[in-house]
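Structure at a glance
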Amino acid sequence: MINMKTLIVTLFLTSLSFAQNAASAPSAPPPRVAPADAKNHVGETATVCGKVVDNKIPKYGIAGRGKPVTFDIDEPQPNPIFYFVAFGTQTGGPQEVIAAYQGKRVCVTGKINMQPTFAPFILAADRSQIKIQAEDQ
């Protein structure tokens, strides 16, 4: 007869194996949304692509992160249609992140948020959420 401890350990390891396989299963990439259509996808995780046409640096920063930089996509102020927020490196600050993205085509992936009277946006706290695209894409 099988020892009860052996049976319990075997069941646990089997269920752990299934959980790992389910967690590592490839998931579908987030849908691609046009900047002008992002307002219809608030609360969803999506990828928004467009050209960075303007940026703004606030007067104050966020402790431990520095100053956030707001990048307008496709349409600048006063009528932006979409923007994303990113942070510069500790050493390079806001100027580093501006040099990385200003005037370039980018795709930003994340949860689309919106505040009243503002355009929809993605907070790209992790720069891996932002991918620079070739100009012909």
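In this text, all values refer to a predicted model and were calculated from it rather than measured experimentally. (Residues numbered from 1 in each chain as written. Predicted model: local features only at pLDDT ≥ 70, side-chain atom pairs only at ≥ 80, totals over all residues. Heavy atoms only, no water.)

Focus: the overall build of the protein chain
Assigned secondary structure in the protein chain consists of two helices and seven strands. Reading the protein chain from its N terminus to its C terminus gives the helix and strand order α-β-β-β-β-α-β-β-β. For the protein chain, with 137 residues in total, the buried portion stands at 31%. Contacts spanning at least 24 positions in sequence make up 53% of the contacts within the protein chain whose residues lie at least 6 apart. (Helix = DSSP H or I, 4+ residues; strand = E, 2+ residues; numbered from the N terminus. Buried < 20%, exposed > 50% of the residue type's maximum accessible area, 1.4 Å probe, protein only. Contact = heavy atoms within 4.5 Å.)

A short note on the confidence of the model for the protein chain
Looking at the protein chain, pLDDT values average 84 and 80% of them are 70 or higher. When mean pLDDT is compared element by element in the protein chain, strand β5 (residues 105–111) scores highest at 98, while helix α1 (residues 4–24) scores lowest at 45. Note that pLDDT drops below 50 for residues 9–23; the model gives that stretch zero contacts with residues more than four away or on any other chain. (pLDDT = per-residue confidence, 0-100.)

A short note on the pairing of strand β2 (residues 45–56)
Pairing of strand β1 (residues 32–33) with β2, which is carried by two bridges, proceeds in the parallel orientation. When the bridges of β2 are listed, V33 appears paired with V48. Bridge count for β2 against β5 is seven bridges, and the pairing is antiparallel. Across the sheet, C49 pairs through a bridge with C107, a residue of β5. (Pairing = 2+ DSSP bridges.)

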